[in-house]
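# Structural description and commentary
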Amino acid sequence: MSLSSLFRSSVAVVASTAALVAIAGCGSTNSSQSALEEIKSKGEIVVGTEGTYAPFTYHDSSTNELTGYDVDVIKAIAKELGVTAKFEEANFDSLLAGLDTKKYDTVANEIGTSDERKQKYDFSDPYSYSYGVIVTTKDNNSITSFEDLAGKKAAETMTSNWNATAQKYGAEIVQINDFSQAVDAITSGRADATVNDGLAFLDYMKQKPDADIKAAVKSESVASGYLPFRKGSDDLVKAVNDAIAKLQQDGTLAKISETYFGEDISKAQ
């Protein structure tokens, strides 16, 4: 190959490489943007949710529209931020993983905190207050306290705080994806109980009053729902907390609560 040919080939390679870099640059996001700036830039906050956990996040039986307390709360928060809420549905156990991989900006699904989770995520202020229950079949009288879970089988989603509570008291975990599956596991004999949210239990009984289950134990401590964010989302967390405070003060969260529970669950009683 002549020197002139070699030179032309080198120039072509350099030009092609520069073009590829330019194209890649056009499709990249501005890494210097903060979490709040990125959301405002795209005009939406992407929210991971279960869609099967009534009355917090579920599909209306008549319209099939995604609805629920958590859904309405995050929509109201998004409005305060000046963006829209875009929902992506997935099994509970994959929701935080989706946050890790930046599939979602946050998760609205009655997410509780723990020391382990606080090391990995930043959390909003709480927007709901409830209590835990141990649910069993109506004829099961062997569980009258959390201590009675020792040696029993508890139907739980694998990454929930309820799972951690059941294990803390010595239960063997039977993996399920949602509350309905937990009830199926109990009534079919595959599990003895499930530790879950008291409000979810009440809603289930409202929908299926003849279900062969009961709340055998009610916790004394209060459980709260939070919105988790990836570490480093300080400005977004602050904006969300400001929105939650405003929505509590102007009665919006109380109104949403009344719609689904007949009482205000957005404030500690």
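This section reports on the structure supplied with the text. These figures come from a predicted structure and were not determined experimentally. (Residues numbered from 1 in each chain as written. Predicted model: local features only at pLDDT ≥ 70, side-chain atom pairs only at ≥ 80, totals over all residues. Heavy atoms only, no water.)

## Here's the deal with the pattern of salt bridges
- If you walk through the whole model with that rule in mind, you get eight salt bridges.
- In this structure, K120 and D100 form a salt bridge, with 3.0 Å as the shortest nitrogen-oxygen distance. Taken together, the positions of K120 in helix α5 (residues 115–120) and D100 in helix α4 (residues 92–100) put the pair 20 residues apart, joining distant regions of the chain.
- One salt bridge in this structure joins D122 and K231, with 3.1 Å as the shortest N-O distance. (Salt bridge = Lys/Arg side-chain N within 4 Å of Asp/Glu carboxyl O. Helix = DSSP H or I, 4+ residues; strand = E, 2+ residues; numbered from the N terminus.)

## Structural notes on the packing of helix α3 (residues 69–81) against helix α10 (residues 252–261)
- Two elements in contact, α3 and α10, have axes separated by 10 Å at closest approach and are oriented at 160°. Our classification of the angle between α3 and α10 gives roughly antiparallel. You can see that α3 and α10 cross each other, and the crossing is right-handed. Between α3 and α10, the residues in contact are Y69, D72, V73 and A76 and T252, L253, I256, S257, Y260 and F261, respectively.
- Of the residues that constitute the contact of α3 with α10, the class distribution is seven nonpolar, two polar and one charged. (Axes fitted to C-alpha atoms, helices over the stretch in contact; angles between N-to-C directions. Parallel < 35°, antiparallel > 145°, perpendicular 65-115°, else oblique. Left-handed = near helix turned anticlockwise from the far one by under 90°. Contact = heavy atoms within 4.5 Å. Nonpolar A, V, L, I, M, F, W, Y, C, P; charged D, E, K, R; others polar.)

## Topic: the sheet that holds strand β1 (residues 44–49)
- The strand order β4-β1-β5 describes an open sheet built from three strands, whose pairing is parallel. Each having just a single partner strand, β4 (84–89) and β5 (106–107) make up the two edges of the open sheet.
- As defined by bridge partners, β1 adjoins β4 across six bridges and the pair is classed as parallel. Across the sheet, residue E44 finds its bridge partner in β4, namely T84. (Pairing = 2+ DSSP bridges.)

## Looking at the environment of A90
- Relative to the helices and strands, A90 is located in the loop between β4 and α4.
- A relative accessible area of 19% places A90 in the buried class.
- C-alpha of A90 to C-alpha of T49: the two residues are 41 residues apart in sequence and 6.3 Å apart in space.
- Setting aside residues up to four positions removed in sequence, A90 forms contacts with T49, E50, L95 and Y104. (Buried < 20%, exposed > 50% of the residue type's maximum accessible area, 1.4 Å probe, protein only.)

## Focus on the pairing of strand β8 (residues 153–156)
- Bridge analysis of β8 against strand β9 (residues 172–175) gives four bridges, and the strand direction is parallel. In the strand pairing of β9, K153 is matched with E172.

## Structural notes on the sheet that holds strand β7 (residues 128–137)
- Read across the sheet, three strands follow the order β10-β7-β11 without closing on themselves; strand pairing throughout is antiparallel. This sheet does not close on itself; its edge strands, each paired only once, are β10 (194–197) and β11 (213–225). Going from strand to strand, the sheet's axes swing by 25° on average, the running direction of each strand aside.
- Bridge count for β7 against β10 is four bridges, and the pairing is antiparallel. Residue pairing for β10: I134 is matched across the bridge by V195.
- Running at roughly 60° to β7, helix α8 (residues 198–207) makes contact with β7, β10 and β11 of the sheet.

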